[in-house]
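Structural characterization, general
Residues per chain are reported as follows:
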Amino acid sequence: MKYKIMTGMLVAAVLLLAGCGEKQDSSSMQDGSYTAQMAEYSHGWREFVTITVKNGVIVTAEYNAENPSGFIKSWDNAYMNNMKTVTGTYPNEYTRYYAAFLYDQKDVPEIDALSGASSSGANFKRLSEAVINKAKLGDSTIAFVDSLDKE
């Protein structure tokens, strides 16, 4: 009887120690909140992407832009009305469109550009890559991304 108890305890200890020895997969995202933003303002706005990762998957995503005072671009009704008549879209629409690509993702998804917001789409893709790389490292510091014309 003692032999069975000792064997059972030994098996349990080995299984417990084997579980502790697992290494974190460096290709998966670590749980937490992460942000990437453009390094500079463009036309008075600095775009950013913020994600929250849970169980290695993006559960929340926000894409937007802010001015130097912190006012959010998609809240600017005058800007929205002007842009919609010129391009057919506006910040509150295209920011949600692009952010939706990140939900339930484990890596950078393919992103389809939205007509009238293709330059924002290019920035979104670059910001998404940067923020997902931060999540894979578990580094919650802000990632700063240079604009294409600066490279």
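For the structure, check the block above.
Quick summary incoming for the structure in this document. Keep in mind that what you see is a predicted model, and the values were worked out from it rather than measured. (Residues numbered from 1 in each chain as written. Predicted model: local features only at pLDDT ≥ 70, side-chain atom pairs only at ≥ 80, totals over all residues. Heavy atoms only, no water.)

1. Thoughts on the sheet that holds strand 4 (residues 143–145)
As a reminder, the rule being used: Paired strands are those between which DSSP finds at least two bridges. To qualify as a helix, a DSSP run of H or I must reach at least 4 residues; to qualify as a strand, a run of E must reach at least 2; elements of each kind are numbered from the N terminus. Axis definition: a line fit to C-alpha positions, over the contact stretch in the case of helices; interaxial angles, taken between N-to-C directions, run 0 to 180 degrees.
In space, the 4 strands of this open sheet follow the order 3-2-1-4, with mixed pairing throughout. Two strands lie at the open edges of the sheet, namely strand 3 (57–66) and strand 4, each paired on one side alone. Adjacent strand axes in the sheet meet at a mean angle of 20 degrees, parallel and antiparallel pairs treated alike. Bridge count between strand 1 (residues 32–38) and strand 4: 3 bridges; the pairing is parallel.

2. Points about the nonpolar core
Note the following rule: In plain words, nonpolar cores are sets of buried Ala, Val, Leu, Ile, Met, Phe, Trp, Tyr and Cys residues tied together by side-chain atoms within 4.5 Å. In this scheme, a residue with accessible area under 20% of its type's maximum is buried, one over 50% is exposed, and one in between is partly exposed, where area comes from a 1.4 Å probe on protein chains only. Residues are treated as being in contact if the distance between any of their heavy atoms lies within 4.5 Å.
Formed by 27 residues in total, the largest nonpolar core has its most connected members in Val49, Ile51, Ile58, Tyr63, Tyr98 and Leu102. For this core, the secondary structure elements donating two or more residues are strand 1, strand 2 (46–54), strand 3, helix 3 (91–99), helix 4 (118–137) and strand 4. Residue contributions to this core peak at 6 residues, all from helix 4. Sequence-distant contacts of isoleucine 51, defined by excluding residues within four places in its chain, comprise Met29, Gly32, Ser33, Tyr34, Ile58, Thr60, Ala61, Leu102, Val131, Ile132 and Ala135.

3. Brief notes about unusual backbone geometry
Even without being a glycine, histidine 43 presents a positive backbone phi close to 55 degrees. Overall, the relative accessible area of 78% leaves histidine 43 in the exposed class. Here aspartate 104, not a glycine, exhibits a phi torsion of approximately 65 degrees, which is positive. Inspection of the secondary structure assignment puts aspartate 104 in the loop between helix 3 and helix 4.

4. Overview of the side chain of asparagine 64
This is how the line gets drawn: Any N or O atom pair separated by 3.5 Å or less is treated as a polar contact, with the protein-specific requirement of one donor-capable and one acceptor-capable atom, and with residues adjacent in sequence counted only for side-chain atom pairs.
Tracing the sequence through the fold places asparagine 64 in strand 3. Within the local environment of asparagine 64, its side chain forms a polar contact with the side chain of serine 74, the two groups lying 2.9 Å apart. Ignoring any residue separated from it by four or fewer positions in sequence, one finds asparagine 64 in contact with Arg46, Glu47, Phe48, Ile72, Lys73, Ser74 and Thr95.

5. Let's talk about the layout of surface pockets
Put simply, the test is: For each structure, a 1 Å grid was placed over the protein atoms alone; sets of points admitting a 1.4 Å probe that cannot get out are labelled cavities, open sets with protein on both sides within 12 Å along at least five of seven lines are labelled pockets, and lining residues have an atom within 4 Å of a point. Grid points are joined across faces, edges and corners, and a volume is the space filled by probe spheres set on the points. Residues are grouped as follows: nonpolar covers Ala, Val, Leu, Ile, Met, Phe, Trp, Tyr, Cys and Pro; charged covers Asp, Glu, Lys and Arg; every other residue, Gly included, is treated as polar.
Put simply, the largest pocket is a space of about 520 Å³. Ser42, His43, Glu47, Ser119 and Asn123 are, among the 26 residues lining the largest pocket, the residues nearest its centre. Contributing elements (two or more residues each) for the lining of the largest pocket: strand 2, helix 2 (77–87) and helix 4. Considering each element in turn, the lining of the largest pocket owes the most residues, 4 residues, to helix 4. Its residues placed into classes, the lining of the largest pocket shows 11 nonpolar, 8 polar and 7 charged.

6. Observations concerning the environment of tyrosine 63
Tracing the backbone shows tyrosine 63 in strand 3. What makes tyrosine 63 buried here is its relative accessible area of 2%. Sequence separation of tyrosine 63 and valine 49 is 14 residues, and the distance between their C-alpha atoms is 4.5 Å. Discounting residues that sit within four places of it in the chain, tyrosine 63 has contacts with Glu47, Phe48, Val49, Tyr94, Thr95, Tyr98, Ala99, Ser120, Asn123, Phe124 and Leu127. Reaching out from tyrosine 63, the side chain makes a polar contact with the side chain of glutamate 47 at a distance of 2.5 Å. Separated by 3.0 Å, the side chain of tyrosine 63 and the backbone oxygen of serine 120 make a polar contact.

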